[in-house]
Amino acid sequence: PTWLNKIKSDKLSHGNSEKQIGCDPCSQTQRSKLQHRRARINQQINKEMRMRAGAENLFRATTNNKVKETVALELSFVNSNLQLLKEELEELNSNMEVYQTESEAINVPMIPLGLKETKEVDLTVPLKDVICEHYGEDSSLFDKEIKEFMELRQAMRTPSRNEAGLELLMEYYNQLYYLDQRFFPPHRTLGVHFHWYDSLTGVPSCQRALAFEKGSVLFNVGALYTQIGARQDRSATAGIDRAIDAFQRAAGAFNYLKENFSNAPSLDMSGPSLCMLVRLMIAQVQECVFERVTLTTPDTHFITQLQVAKEAARVSDVYSLVLQTMSQTLVKDYVPFSWASMVQVKAEHFRALSHYNAAVALCDHTQSAKALFQFHVSSPAGPPLSQVLRDPEDRRKLGKAHLRCAVIRHEEAMRVHGLCKILRKMDILQEVLSFMYKRSLDKYSEMDREDDFDETAEAPEIHSQTQHKPDITPPNFSTVPVTDIFQRLGPLSVFCARARWGPVRVVSLQRGDGGLGLTLRGDSPVLVAGVVPGGCAQEAGLREGDYIVAVDGEDFKWAKHGEVVHILKSCSDRGIQLGIITLHTHDTQVGVLVVVSLCVDRRQVMLSPSGDEANALQRTIGRAKGQRTAPLLNWNRKKTGGGGRATKRLGSTFSLPFGNLRDCESMY
């Protein structure tokens, strides 16, 4: 049949497509070395924590004082080792230079995020058990599909730092949707444990919930976007735009994870940590916007200087908000010290740039504009602003006050920079801070006069304003369309983990004088929508609600309506053998929905070639058969098509409708 050829061509094209592989974890690139060291430390932390758990159990269980003293001494050694390992891991996570651009342009470094590590998981036996017990199929016939899925998981552990790596993670995430529907019933687990290490602390977490696997992969999508954004050459507008897009998508991934997943066992995926990461990404977007403004606008114009000052003030404000988030109780002891130091340095640095540009606008230009009257948060001390702008001397003094604030802010930024050992090693950051400090100091010396005995007034703060408000771009899973690896099990609307059906019944159907006596509807698989009382179909044992899954021993799960109609109409006098299944799960709910659907469209097809007109209704029935009442805090996605496929058809692949979620996914 044509549907069988389609399945074969899909599988052939899927198998012949370029195999997704991750990068070589043993390659001698700086990033690979860093990730390899992180994986090694994670394993050592896991070992030490297991030793500590055993020692604590022994300490509580024993009553021998000598044994307690020995165990207490051992615990002190284990805790010391754990502290050293965590400090080493923190130093790795603070190694920002590895992820920065290789361009010679001088840019302030961005903060990237390392990927979560995971252990290998062998799903072969659990998947085969479900295929055999639930689907009633020979599990050995699905060795190729299981191997393909396992290779995909192995590859996504080491994604490359580019678009191909993102596609690899998204492809695996999309396949997890199908795996969830096929093999994970609502109230039962497969007994498989997913192990993931915390991105910043290396503490291992282990859960049987597939939601933990999906959430960790989504976290890595966001982390990979941060690395892609940090590596962009921001000396040109094209590189700045790519960095903005990457950081906005990273913020979207973390925000999506925060809103749709709950009860995360690791701190990096907790609500406060994800909130901090979202704000950090938005701050880095705002910094890129400032760089684009300074790159694309001339710095000799009065209005331009005011605009740059407002943009710098905006960057300082968002970094100050990030610093407040990092100072919260649940996050303070978790965030690396170098991250908090870098954020504080940037908050002070961009505040200094804001005051410097304000001083340049006042001292190097003589124009007056309405923009100046709304430039400051509060009115400057002394004469009215209108008088200050007309008097060159008062104007110079106000500019000098802004320069004084700029110098003080630069000195504070350099002081915080000097307190962090990790930041002191970053030559580019040291060079930028020193250059900007010297520039402000030279400008202040230029504005200072020997006869200027008046104490320099305090400059008012500057209104923050931006031309480009950062967006939080949520992940678009449909950009990486996938084909269900296990589609040979049958259409997902019927053949899924949550559905129950009896064994396949073989029915011998022969045509009588009044025809076969049944009504068919839809396709993939074709539904017996009605049986004529006393007709041939009823006598053969067919019932309303049965699905035709085989004809004369040939698999017809994916068969179209027209093909089944054609075969039944052309059957000989000897009759035809049909493979029939009857769903048993949610009978009442599905029955009501099917009846309602049948009442909406009465165009029943009595074994007529025009049965293709009813395909739209069968999709409605397929949804009715496939839907279930969503339990609290459980993952729920809306399906709009039958046959286990997703909404949008793209050749032999299908995009997934993950945009609208009704519930959260819980990691119990």
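Residues numbered from 1 in each chain as written. Predicted model: local features only at pLDDT ≥ 70, side-chain atom pairs only at ≥ 80, totals over all residues. Heavy atoms only, no water.

**Some words on the overall build of the protein chain**
Helix and strand counts for the protein chain come out as 20 helices and 12 strands. Put simply, the protein chain shows about 30300 Å² of open surface, and 51% of that area lies on carbon and sulfur atoms. (Helix = DSSP H or I, 4+ residues; strand = E, 2+ residues; numbered from the N terminus. Areas by Shrake-Rupley, 256 points an atom, 1.4 Å probe, with all protein chains shown as cover.)

**Section: the packing of helix α12 (residues 337-363) against helix α14 (residues 392-419)**
At a minimum axis separation of 8 Å, α12 and α14 run at an interaxial angle of 165°. If you check the angle between α12 and α14, you find them roughly antiparallel. Relative to α14, the crossing made by α12 is left-handed. Broken down by class, the residue content of the contact of α12 with α14 amounts to 17 nonpolar, eight polar and six charged. (Axes fitted to C-alpha atoms, helices over the stretch in contact; angles between N-to-C directions. Parallel < 35°, antiparallel > 145°, perpendicular 65-115°, else oblique. Left-handed = near helix turned anticlockwise from the far one by under 90°. Nonpolar A, V, L, I, M, F, W, Y, C, P; charged D, E, K, R; others polar.)

**Details of the pairing of strand β2 (residues 204-207)**
Residues in a regular strand project their side chains so that they alternate between the two faces of the sheet. Along β2, the buried face is formed by Ser205 and Gln207; none of Pro204 and Cys206, which line the opposite face, is buried. Counting the residues that bridge the hairpin from strand β1 (residues 194-197) to β2 gives six residues, and of these Gly202 lies at a positive phi of roughly 75°. (Buried < 20%, exposed > 50% of the residue type's maximum accessible area, 1.4 Å probe, protein only. Pairing = 2+ DSSP bridges.)

**Things to note about the packing of aromatic side chains**
Here the structure, examined in full by the defined rule, presents 11 aromatic pairs. Considering the side-chain rings of Phe149 and Tyr172, the 5.7 Å spacing of their centres and the 35° angle between planes classify their relative orientation as tilted. Placement of Phe149 in helix α5 (residues 143-156) and of Tyr172 in helix α6 (residues 163-183) is noted, with a sequence separation of 23 residues between them. Accessibility assignment for this pair places Phe149 and Tyr172 in one class, buried. Here a set of aromatic residues connected by ring pairs shows up, and it is made of Tyr135, Phe183, Phe486, Phe495 and Trp501. Sitting over the face of the ring of Phe219, Lys116 holds its NZ or CZ atom 5.7 Å from the ring centroid. (Phe/Tyr/Trp six-rings, centres within 6.5 Å; stacked < 30°, edge-to-face > 60°. Lys NZ or Arg CZ within 6 Å of the ring centre and 35° of its normal.)

**So, the nonpolar core**
Within the largest apolar cluster, 116 residues are counted, with the highest numbers of intra-cluster contacts made by Phe149, Leu179, Phe183, Phe254, Trp339 and Phe486. If one sorts the elements of this core by residue count, helix α9 (residues 271-296) sits on top with 13 residues. Leu516, Leu542, Phe556 and Val564 belong to the second-largest nonpolar core, a separate cluster that totals 20 residues. (Core = buried A, V, L, I, M, F, W, Y, C linked by side-chain atoms within 4.5 Å.)

**Thoughts on the environment of Gln286**
By secondary structure assignment, the location of Gln286 is in helix α9. Taking the relative accessible area as the measure of exposure, Gln286 reaches 0% and is therefore buried. Here the alpha-carbon distance between Gln286 and Tyr319, two residues 33 residues apart in the chain, equals 9.2 Å. If we skip the residues at most four places from it in the chain, Gln286 touches Glu311, Arg314, Val315, Val318, Thr466, His468 and Pro470. Of the polar contacts made by the side chain of Gln286, one reaches the side chain of Thr466; its length is 2.8 Å. (Contact = heavy atoms within 4.5 Å. Polar contact = N/O pair within 3.5 Å; in protein donor to acceptor, adjacent residues only side chain to side chain.)

**Concerning the packing of α14 against helix α16 (residues 427-447)**
Viewed as axis vectors pointing N to C, α14 and α16 meet at an angle of 155°, and their least axial separation amounts to 9 Å. For the element pair α14 / α16, the angle class is roughly antiparallel. In the packing of α14 onto α16, the handedness of the crossing is left-handed. Between α14 and α16, the residues in contact are Arg396, Lys400, Leu403, Arg404, Ala406, Val407, His410, Glu411, Ala413, Met414 and His417 and Leu429, Gln430, Leu433, Ser434, Met436, Tyr437, Ser440, Leu441, Lys443, Tyr444 and Met447, respectively. Grouping the amino acids of the contact of α14 with α16 by side-chain chemistry returns 12 nonpolar, five polar and five charged.

**Some thoughts on the pairing of strand β7 (residues 547-551)**
Most of β7 is tucked away, with five of its five residues classed as buried. Of the pairings in the sheet, the one linking β7 to strand β9 (residues 576-581) comprises four bridges and is antiparallel in character. Bridge pairing in β9 places Tyr547 opposite Ile581. Direction of pairing for β7 relative to strand β8 (residues 554-555): antiparallel, over a ladder of two bridges. Paired with Val551 across the bridge in β8 is Glu554. Counting the residues between successive antiparallel strands, the hairpin from β7 to β8 contains two residues, one of them, Asp552, with a positive phi of roughly 55°.

**Some thoughts on the confidence of the model for the protein chain**
Predicted confidence across the protein chain gives a mean pLDDT of 78, with 74% of residues reaching 70 or more. Overall, residues 586-668 carries pLDDT values under 50, and its contacts beyond four positions in sequence, including any with other chains, amount to 199 contacts. (pLDDT = per-residue confidence, 0-100.)

**A closer look at the pattern of salt bridges**
Within this structure, the stated rule accounts for 21 salt bridges. Residue Glu291 pairs with Arg234 through a salt bridge whose shortest N-O separation is 2.7 Å. In this pair, Glu291 sits in helix α9 while Arg234 sits in the loop between α7 (210-230) and α8 (237-260), placing the two residues 57 residues apart along the sequence. Assigned by exposure class, Glu291 and Arg234 land together as buried. (Salt bridge = Lys/Arg side-chain N within 4 Å of Asp/Glu carboxyl O.)

**Some remarks on unusual backbone geometry**
Omega for the peptide link from Ser524 to Pro525 comes to -10°, which places this bond in the cis form. By secondary structure assignment, the location of Pro525 is in the loop between β5 (518-521) and β6 (526-531). For Asn263, which is not glycine, the phi dihedral falls at a positive 60°. Topologically, Asn263 is positioned in the loop between β3 (261-262) and α9. Under the relative-accessibility criterion, Asn263 is labelled partly exposed at 38%. Unusually for a residue other than glycine, Asp552 sits at a positive phi of about 55°. Structurally, the position occupied by Asp552 is in the loop between β7 and β8.

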